[in-house]
Amino acid sequence: MGALELRGVTKNFGKTEVIKGVDLTVNAGEFCVFVGPSGCGKSTLLRMIAGLEDTTGGDILLDGRRVNDLAPARRELAMVFQTYALYPHLSVRDNMGLALKQAGASRSEITAATDRAAAMLELEPLMDRRPAELSGGQRQRVAIGRAIVRRPKLFLFDEPLSNLDAALRVATRIEIARLHRELKTTMIYVTHDQIEAMTLAHRIVVMRQGRIEQVGSPMELYNNPANTFVAGFIGSPQ
Ligand code: ADP
Ligand code: MG
(Lines give C-alpha, C1' and ligand atoms only; values in the text may rest on other atoms or scores of the structure.)
(Ligands and ions follow the chains in the order given, each with its own letter.)
Protein backbone atom coordinates (compact mmCIF):
# COMPACT_ATOMS: atom_id res chain seq x y z
CA MET A 1 0.00 0.00 0.00
CA GLY A 2 1.24 3.44 -0.88
CA ALA A 3 3.19 2.62 -4.03
CA LEU A 4 3.67 5.59 -6.31
CA GLU A 5 4.43 5.64 -9.99
CA LEU A 6 5.24 8.69 -12.10
CA ARG A 7 5.14 8.22 -15.87
CA GLY A 8 6.42 10.99 -18.10
CA VAL A 9 5.17 13.67 -15.73
CA THR A 10 5.54 17.24 -17.01
CA LYS A 11 4.49 20.64 -15.75
CA ASN A 12 4.34 23.98 -17.48
CA PHE A 13 3.80 27.33 -15.84
CA GLY A 14 2.77 29.40 -18.83
CA LYS A 15 5.38 28.67 -21.48
CA THR A 16 8.01 27.54 -19.02
CA GLU A 17 8.40 23.80 -18.60
CA VAL A 18 9.52 23.30 -15.01
CA ILE A 19 9.06 19.49 -14.84
CA LYS A 20 10.43 17.93 -18.00
CA GLY A 21 9.36 14.31 -18.00
CA VAL A 22 9.81 12.47 -14.72
CA ASP A 23 9.61 8.67 -14.52
CA LEU A 24 9.90 7.11 -11.11
CA THR A 25 8.56 4.19 -9.12
CA VAL A 26 8.47 4.43 -5.35
CA ASN A 27 7.78 1.11 -3.67
CA ALA A 28 5.23 0.65 -0.92
CA GLY A 29 6.86 1.35 2.43
CA GLU A 30 9.89 3.00 0.90
CA PHE A 31 11.50 6.15 2.28
CA CYS A 32 12.43 8.17 -0.78
CA VAL A 33 14.30 11.47 -0.43
CA PHE A 34 14.38 14.17 -3.13
CA VAL A 35 17.32 16.54 -3.28
CA GLY A 36 18.34 19.17 -5.81
CA PRO A 37 19.03 22.89 -6.07
CA SER A 38 16.45 25.51 -5.29
CA GLY A 39 14.06 25.93 -8.22
CA CYS A 40 14.67 22.48 -9.77
CA GLY A 41 11.02 21.49 -9.27
CA LYS A 42 10.92 19.42 -6.06
CA SER A 43 7.96 21.25 -4.52
CA THR A 44 6.07 21.38 -7.80
CA LEU A 45 6.44 17.62 -8.20
CA LEU A 46 5.24 16.99 -4.64
CA ARG A 47 2.30 19.33 -5.13
CA MET A 48 1.32 17.45 -8.28
CA ILE A 49 1.46 14.13 -6.44
CA ALA A 50 -0.71 15.68 -3.72
CA GLY A 51 -3.16 17.05 -6.29
CA LEU A 52 -2.54 20.66 -5.29
CA GLU A 53 -1.22 21.37 -8.78
CA ASP A 54 -2.48 20.00 -12.12
CA THR A 55 -0.15 17.93 -14.25
CA THR A 56 0.50 19.22 -17.76
CA GLY A 57 1.38 15.75 -19.06
CA GLY A 58 2.00 12.22 -17.92
CA ASP A 59 0.40 9.98 -15.35
CA ILE A 60 0.51 9.73 -11.57
CA LEU A 61 -0.49 6.34 -10.17
CA LEU A 62 -1.09 5.45 -6.53
CA ASP A 63 -1.27 1.71 -5.92
CA GLY A 64 -1.71 1.25 -9.64
CA ARG A 65 -4.62 3.65 -9.98
CA ARG A 66 -4.34 6.83 -12.02
CA VAL A 67 -5.06 9.79 -9.74
CA ASN A 68 -4.41 12.77 -12.02
CA ASP A 69 -8.04 13.83 -11.88
CA LEU A 70 -8.71 12.87 -8.26
CA ALA A 71 -9.25 15.61 -5.65
CA PRO A 72 -6.44 15.95 -3.07
CA ALA A 73 -8.64 14.75 -0.21
CA ARG A 74 -9.34 11.51 -2.04
CA ARG A 75 -5.74 10.53 -2.75
CA GLU A 76 -5.13 8.91 0.67
CA LEU A 77 -1.98 10.89 1.22
CA ALA A 78 -0.91 13.68 3.54
CA MET A 79 1.53 16.51 3.00
CA VAL A 80 3.66 18.24 5.61
CA PHE A 81 5.08 21.62 4.63
CA GLN A 82 7.98 23.73 5.81
CA THR A 83 5.52 26.19 7.33
CA TYR A 84 3.06 24.48 9.60
CA ALA A 85 -0.15 26.23 8.54
CA LEU A 86 -1.97 25.38 11.76
CA TYR A 87 -5.26 27.10 12.56
CA PRO A 88 -4.40 29.68 15.25
CA HIS A 89 -7.83 29.66 16.89
CA LEU A 90 -7.99 25.87 17.29
CA SER A 91 -6.36 23.76 19.99
CA VAL A 92 -3.71 21.20 19.13
CA ARG A 93 -6.32 18.46 19.43
CA ASP A 94 -8.76 20.24 17.12
CA ASN A 95 -6.04 21.08 14.59
CA MET A 96 -5.10 17.42 14.49
CA GLY A 97 -8.69 16.19 14.27
CA LEU A 98 -10.09 18.71 11.82
CA ALA A 99 -9.65 16.66 8.65
CA LEU A 100 -11.38 13.68 10.27
CA LYS A 101 -14.20 15.89 11.47
CA GLN A 102 -14.65 17.29 7.98
CA ALA A 103 -14.67 13.74 6.63
CA GLY A 104 -17.58 12.94 8.97
CA ALA A 105 -15.77 10.84 11.59
CA SER A 106 -17.46 10.43 14.96
CA ARG A 107 -16.22 12.17 18.08
CA SER A 108 -14.86 8.94 19.56
CA GLU A 109 -13.09 8.05 16.32
CA ILE A 110 -11.47 11.47 16.26
CA THR A 111 -10.40 11.20 19.90
CA ALA A 112 -8.92 7.75 19.36
CA ALA A 113 -6.97 8.89 16.30
CA THR A 114 -5.68 12.11 17.85
CA ASP A 115 -4.71 10.32 21.10
CA ARG A 116 -2.77 7.73 19.13
CA ALA A 117 -0.91 10.37 17.12
CA ALA A 118 -0.27 12.42 20.28
CA ALA A 119 1.28 9.37 21.96
CA MET A 120 3.52 8.69 18.97
CA LEU A 121 4.75 12.26 18.92
CA GLU A 122 4.76 12.87 22.69
CA LEU A 123 2.23 15.65 22.30
CA GLU A 124 -0.12 14.53 25.10
CA PRO A 125 0.63 17.42 27.49
CA LEU A 126 0.04 19.97 24.73
CA MET A 127 -3.32 18.90 23.37
CA ASP A 128 -5.30 21.82 24.79
CA ARG A 129 -2.85 24.52 23.78
CA ARG A 130 -3.19 26.89 20.83
CA PRO A 131 -0.42 27.02 18.20
CA ALA A 132 0.82 30.40 19.53
CA GLU A 133 1.64 28.65 22.83
CA LEU A 134 3.98 26.15 21.17
CA SER A 135 7.60 26.24 20.04
CA GLY A 136 8.45 25.84 16.37
CA GLY A 137 9.44 22.22 16.88
CA GLN A 138 6.21 21.46 18.72
CA ARG A 139 4.17 23.09 15.95
CA GLN A 140 5.88 20.97 13.34
CA ARG A 141 5.12 17.86 15.42
CA VAL A 142 1.46 18.91 15.48
CA ALA A 143 1.57 19.28 11.69
CA ILE A 144 3.00 15.77 11.43
CA GLY A 145 0.36 14.54 13.91
CA ARG A 146 -2.34 16.10 11.77
CA ALA A 147 -1.02 14.05 8.86
CA ILE A 148 -0.85 10.83 10.90
CA VAL A 149 -4.46 10.91 12.11
CA ARG A 150 -5.66 10.59 8.53
CA ARG A 151 -3.77 7.30 8.20
CA PRO A 152 -2.49 8.14 4.75
CA LYS A 153 -0.86 5.50 2.57
CA LEU A 154 1.70 8.06 1.48
CA PHE A 155 3.35 10.93 3.33
CA LEU A 156 4.82 13.85 1.43
CA PHE A 157 7.24 16.06 3.36
CA ASP A 158 8.47 19.30 1.80
CA GLU A 159 11.54 20.46 3.73
CA PRO A 160 9.68 19.92 7.01
CA LEU A 161 12.63 20.73 9.24
CA SER A 162 14.19 23.74 7.55
CA ASN A 163 12.55 26.24 9.90
CA LEU A 164 13.87 24.48 13.01
CA ASP A 165 17.16 25.14 14.76
CA ALA A 166 19.93 22.55 14.47
CA ALA A 167 19.22 20.59 17.67
CA LEU A 168 15.50 20.36 16.95
CA ARG A 169 16.20 19.32 13.38
CA VAL A 170 18.15 16.32 14.62
CA ALA A 171 15.51 15.37 17.21
CA THR A 172 12.66 15.69 14.73
CA ARG A 173 14.55 13.78 12.05
CA ILE A 174 15.02 10.89 14.48
CA GLU A 175 11.31 11.08 15.27
CA ILE A 176 10.39 10.91 11.58
CA ALA A 177 12.64 7.88 11.12
CA ARG A 178 10.93 6.19 14.08
CA LEU A 179 7.50 7.06 12.70
CA HIS A 180 8.44 5.47 9.42
CA ARG A 181 9.45 2.27 11.19
CA GLU A 182 6.20 2.22 13.19
CA LEU A 183 3.77 3.17 10.44
CA LYS A 184 5.58 1.42 7.58
CA THR A 185 3.97 3.95 5.25
CA THR A 186 5.58 5.18 2.05
CA MET A 187 7.33 8.50 2.62
CA ILE A 188 8.60 11.01 0.11
CA TYR A 189 10.76 13.64 1.67
CA VAL A 190 12.31 16.75 0.15
CA THR A 191 15.33 18.24 1.84
CA HIS A 192 18.46 20.22 1.08
CA ASP A 193 20.20 18.71 4.09
CA GLN A 194 22.65 15.99 3.08
CA ILE A 195 22.66 14.37 6.50
CA GLU A 196 18.87 14.06 6.45
CA ALA A 197 19.06 12.55 2.98
CA MET A 198 21.83 10.09 3.84
CA THR A 199 20.29 8.94 7.14
CA LEU A 200 16.61 8.75 6.20
CA ALA A 201 16.57 7.51 2.62
CA HIS A 202 16.24 4.04 1.23
CA ARG A 203 16.75 5.79 -2.08
CA ILE A 204 17.74 9.33 -2.96
CA VAL A 205 16.39 11.02 -6.09
CA VAL A 206 18.67 13.79 -7.32
CA MET A 207 16.80 16.39 -9.39
CA ARG A 208 18.20 19.05 -11.68
CA GLN A 209 16.24 21.57 -13.73
CA GLY A 210 12.99 19.60 -13.83
CA ARG A 211 14.54 16.21 -14.48
CA ILE A 212 15.82 13.30 -12.44
CA GLU A 213 19.58 13.21 -12.67
CA GLN A 214 20.16 9.96 -10.74
CA VAL A 215 18.33 7.61 -8.37
CA GLY A 216 19.99 5.22 -5.96
CA SER A 217 20.61 4.21 -2.40
CA PRO A 218 22.70 6.64 -0.35
CA MET A 219 25.72 4.36 -0.68
CA GLU A 220 25.24 3.86 -4.41
CA LEU A 221 25.14 7.60 -4.99
CA TYR A 222 28.01 8.18 -2.62
CA ASN A 223 30.21 5.55 -4.20
CA ASN A 224 29.10 5.93 -7.81
CA PRO A 225 27.74 9.41 -8.49
CA ALA A 226 26.88 9.77 -12.19
CA ASN A 227 28.64 13.13 -12.35
CA THR A 228 30.06 15.94 -10.26
CA PHE A 229 26.59 17.49 -9.92
CA VAL A 230 25.28 14.40 -8.12
CA ALA A 231 28.49 14.13 -6.12
CA GLY A 232 27.95 17.67 -4.90
CA PHE A 233 24.58 16.74 -3.46
CA ILE A 234 25.50 13.65 -1.55
CA GLY A 235 28.77 14.71 -0.06
CA SER A 236 31.28 12.48 -1.81
CA PRO A 237 34.70 14.03 -2.20
CA GLN A 238 34.75 13.96 -6.01
P1 ADP B 1 12.07 23.69 -5.63
O2 ADP B 1 11.02 23.24 -4.67
O3 ADP B 1 12.94 22.59 -6.13
O4 ADP B 1 12.90 24.81 -5.07
P5 ADP B 1 9.82 24.65 -7.18
O6 ADP B 1 9.08 23.44 -7.52
O7 ADP B 1 9.32 25.51 -6.09
O8 ADP B 1 11.36 24.27 -6.93
O9 ADP B 1 9.93 25.55 -8.49
C10 ADP B 1 10.31 25.02 -9.75
C11 ADP B 1 10.24 26.14 -10.77
O12 ADP B 1 8.89 26.46 -11.02
C13 ADP B 1 10.91 27.43 -10.35
O14 ADP B 1 11.53 28.00 -11.48
C15 ADP B 1 9.77 28.27 -9.86
O16 ADP B 1 10.06 29.63 -10.02
C17 ADP B 1 8.66 27.83 -10.78
N18 ADP B 1 7.32 27.94 -10.16
C19 ADP B 1 6.91 27.30 -9.05
N20 ADP B 1 5.62 27.58 -8.77
C21 ADP B 1 5.21 28.44 -9.75
C22 ADP B 1 3.97 29.11 -10.03
N23 ADP B 1 2.90 28.93 -9.26
N24 ADP B 1 3.93 29.91 -11.12
C25 ADP B 1 5.01 30.07 -11.90
N26 ADP B 1 6.19 29.47 -11.71
C27 ADP B 1 6.30 28.66 -10.64
MG1 MG C 1 10.63 23.78 -2.70
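- Looking up the chain in an unreviewed UniProt entry gives the name ABC transporter ATP-binding protein, with the organism given as Tabrizicola soli.
- The chain has a UniProt comment under Sequence similarities (unreviewed entry) that states "Belongs to the ABC transporter superfamily."

### What to know about the site of ligand 1
Moving on, step 1. Taken together, Phe13, Val18, Gly36, Ser38, Gly39, Cys40, Gly41, Lys42, Ser43 and Thr44 make up all the residues around ligand 1.
Moving on, step 2. If one sorts the elements of the shell around ligand 1 by residue count, helix α1 (residues 42-50) sits on top with three residues.
Moving on, step 3. Of the residues belonging to the shell around ligand 1, the class tally is three nonpolar, six polar and one charged.

### Considering the confidence of the model for the chain
Moving on, step 1. When pLDDT is averaged across the chain, the result is 93; 98% of the residues are at 70 or more.
Moving on, step 2. For this predicted complex, the interface confidence comes out at an ipTM of 0.98, alongside a pTM of 0.93.

### Focus: the sheet that holds strand β3 (residues 31-35)
Moving on, step 1. A sheet is described by the order of its strands in space; here six strands give the open sequence β6-β7-β8-β3-β9-β10, paired in mixed fashion. Strands with a single pairing partner mark the edges of an open sheet, and in this sheet they are β6 (77-80) and β10 (211-216). Adjacent strand axes in the sheet meet at a mean angle of 15° when their direction is disregarded.
Moving on, step 2. Pairing of β3 with strand β9 (residues 203-208), which is carried by four bridges, proceeds in the parallel orientation. For Val35, the partnering residue across the bridge sits in β9 and is Val206.
Moving on, step 3. α1 contacts β3, β6, β7 (154-158), β8 (186-190) and β9 of the sheet and is inclined by roughly 150° relative to β7.

### A few points about the packing of helix α2 (residues 92-102) against helix α4 (residues 136-148)
Moving on, step 1. Running from N to C, α2 and α4 cross one another at 35°; their axes reach a closest spacing of 8 Å. The two elements α2 and α4 meet at a crossing, and its hand is right-handed. On α4, the residues touching Val92, Asn95, Met96 and Ala99 of α2 are Val142, Gly145 and Arg146.
Moving on, step 2. Residues belonging to the contact of α2 with α4 are distributed by class as follows: four nonpolar, two polar and one charged.

### So, the packing of α2 against helix α3 (residues 107-120)
Moving on, step 1. Running from N to C, α2 and α3 point in directions that differ by 130°, and their axes come no closer than 9 Å. Considered as vectors, α2 and α3 are oriented oblique to each other. For α2 against α3, the interelement crossing comes out right-handed. Of α3, the residues touching α2 (which contributes Arg93, Met96, Gly97, Leu100 and Lys101) are Glu109, Ile110, Ala113, Thr114 and Ala117.
Moving on, step 2. Classifying every residue of the contact of α2 with α3 gives five nonpolar, two polar and three charged.

### Looking at helix α5 (residues 166-183)
Moving on, step 1. A rise of 1.5 Å per residue sets the reference length of α5, with its 18 residues, at 26 Å; its end C-alpha atoms lie 26 Å apart and thus fit the reference within 8%.
Moving on, step 2. Within the sequence span of α5, burial applies to Arg169, Thr172, Arg173, Ile176 and Leu179. Take α5 and look down its axis: the buried residues cluster within an arc of 120°, on one side only. Facing away from the buried side of α5 by more than 90 degrees, the exposed set consists of Ala167, Ile174, Arg178, Arg181 and Glu182.
Moving on, step 3. Elements that come into contact with the buried residues of α5 comprise α3, α4 and α6 (194-200).
Moving on, step 4. Remark: Lys184 follows α5 within two positions and exhibits a positive phi of approximately 55°.

Conventions used here
Within every chain, residues take consecutive numbers counted from 1 along the sequence as written. Key to labels: chains lettered from A, ligands numbered from 1, both in the order written. Note on the predicted model: pLDDT of at least 70 is required for a residue's local features to be given, and 80 or more for side-chain atom pairs to be given and counted; whole-chain, interface and lining totals, by contrast, use all residues. UniProt positions are given in the numbering used here, feature names are shortened, and annotations may be inferred rather than shown by experiment. Nearness here is judged by the C-beta atom: place it from the backbone, and if it falls within 6 Å of a molecule or strand, the residue counts as near that partner. Only DSSP runs of H or I covering at least 4 residues are called helices, and only runs of E covering at least 2 are called strands; the numbering of each starts at the N terminus. Ten residues, namely Ala, Val, Leu, Ile, Met, Phe, Trp, Tyr, Cys and Pro, are considered nonpolar, four, namely Asp, Glu, Lys and Arg, are considered charged, and the remaining ones, Gly among them, are considered polar. Confidence scores per residue from the predictor, reported as pLDDT, run from 0 to 100. For two strands to be treated as a pair, DSSP must find at least two bridges joining them. Here an axis means a line fitted to C-alpha atoms, over the contact stretch when the element is a helix, while the angle between two N-to-C directions is reported on a 0 to 180 degree scale. Two residues qualify as being in contact provided that their C-beta atoms, derived from the backbone, are within 7 Å of each other. Working rule for handedness: look at the near helix, and if it is turned counterclockwise from the far one by less than a right angle, call the crossing left-handed; if clockwise, right-handed. The labels follow the angle: roughly parallel below 35 degrees, roughly antiparallel above 145, roughly perpendicular from 65 to 115, and oblique for the rest. The span you would expect from a helix comes to 1.5 Å times its residue count less one. Here the C-beta atoms are placed from the backbone, and a residue counts as buried if at least 20 other C-beta atoms lie within 10 Å of its own, exposed if 12 or fewer do, and partly exposed otherwise. Read the arc as the range of directions from the helix axis to the C-beta atoms.

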